[in-house]
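Survey of secondary and tertiary structure
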Amino acid sequence: MTGPRPRGLRRFTGPRPPRPESCELCGTPVPPDGHRHLVETEKRALVCACTACALLFDRPGARTGRYRAVPDRYLADPGHELDDAAWERLRIPVGVAFLFRNAALGRLVALYPSPAGATESELDPDTWQSVLGAGRLAGLLEPDVEALLLHHTPGRTTCHLVPIDLCYELVGRMRLSWRGFDGGAEARAALDALFARVEARARTLAEAGPA
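All of these numbers come straight from a predicted model, not from anything done at the bench.

Strand order in this open sheet of three strands is β2-β1-β3, and the pairing throughout is antiparallel. Of all the strands in the sheet, the pair left with one neighbour each is β2 (45-49) and β3 (67-69). Put simply, the sheet's adjacent strands are angled 35° from each other on average, direction ignored. Relative to β3, strand β1 (residues 36-40) is paired through three bridges, and the arrangement is antiparallel. Directly across from V39, in β3, lies its bridge partner R68.

Attention now goes to the confidence of the model for the protein chain. The share of residues in the protein chain with pLDDT of 70 or more is 84%, and the mean pLDDT across the chain is 81. Put simply, helix α1 (residues 7-13) is where the protein chain has its lowest mean pLDDT, 43, and strand β4 (residues 75-76) is where it has its highest, 94.

Right, let's talk about the sheet that holds β4 for a bit. Across the sheet, seven strands lie side by side as β7-β6-β5-β8-β9-β4-β10; this open sheet has mixed pairing. The open sheet has two edge strands, β7 (117-120) and β10 (203-204), and neither has a second partner. Where strand β5 (residues 96-102) and strand β8 (residues 146-153) come together, four bridges link them in antiparallel fashion. Each residue of the ladder has a partner; that of L99, found in β8, is L148.

Reading guide: rules and limits
- Residues numbered from 1 in each chain as written.
- Predicted model: local features only at pLDDT ≥ 70, side-chain atom pairs only at ≥ 80, totals over all residues.
- Heavy atoms only, no water.
- Pairing = 2+ DSSP bridges.
- Helix = DSSP H or I, 4+ residues; strand = E, 2+ residues; numbered from the N terminus.
- Axes fitted to C-alpha atoms, helices over the stretch in contact; angles between N-to-C directions.
- pLDDT = per-residue confidence, 0-100.

Written out as structure tokens, the structure reads:
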């Protein structure tokens, strides 16, 4: 019969406590939820940042450097709605997609969540532009750090301007919870919760005032 494990081995065989989050620039501990993010534009990657470091890259003069601070604005434009015909033109195989303007490429990049992570749409950028370019949200979009988040349900397609880190949070949640061909009940519940959060935080352009 196997006896109890030596105490010295338990710290290797037992579950490890979660590693605390820290600022990736200065090493300062940050809370798991609610800390700021930067976009490392060359790698198209998110970087965790403390408030002090994020403020360094939150100024107009810092918008062309290696890092850009992700804003915290959520906007909606009720005057620009997409009908089912417009959604069909986008040829997205799932009911969610997001677009951001890549400064290095000089064009919109469209992605949608999948079991493998973020998948880039192969649709011609001119089609995306024709469907969404006339909307005021597209004109307000900050390159690399904000996205247009689309959600299609039968008879309705919503479009919100959101921080880019929310879109990658969405991708991560879908990847973890996706089951079967269409995502399954768990993925749909996570999606509904995220969009409820977006709609609760979003201001209309009239409420937001001048950009």
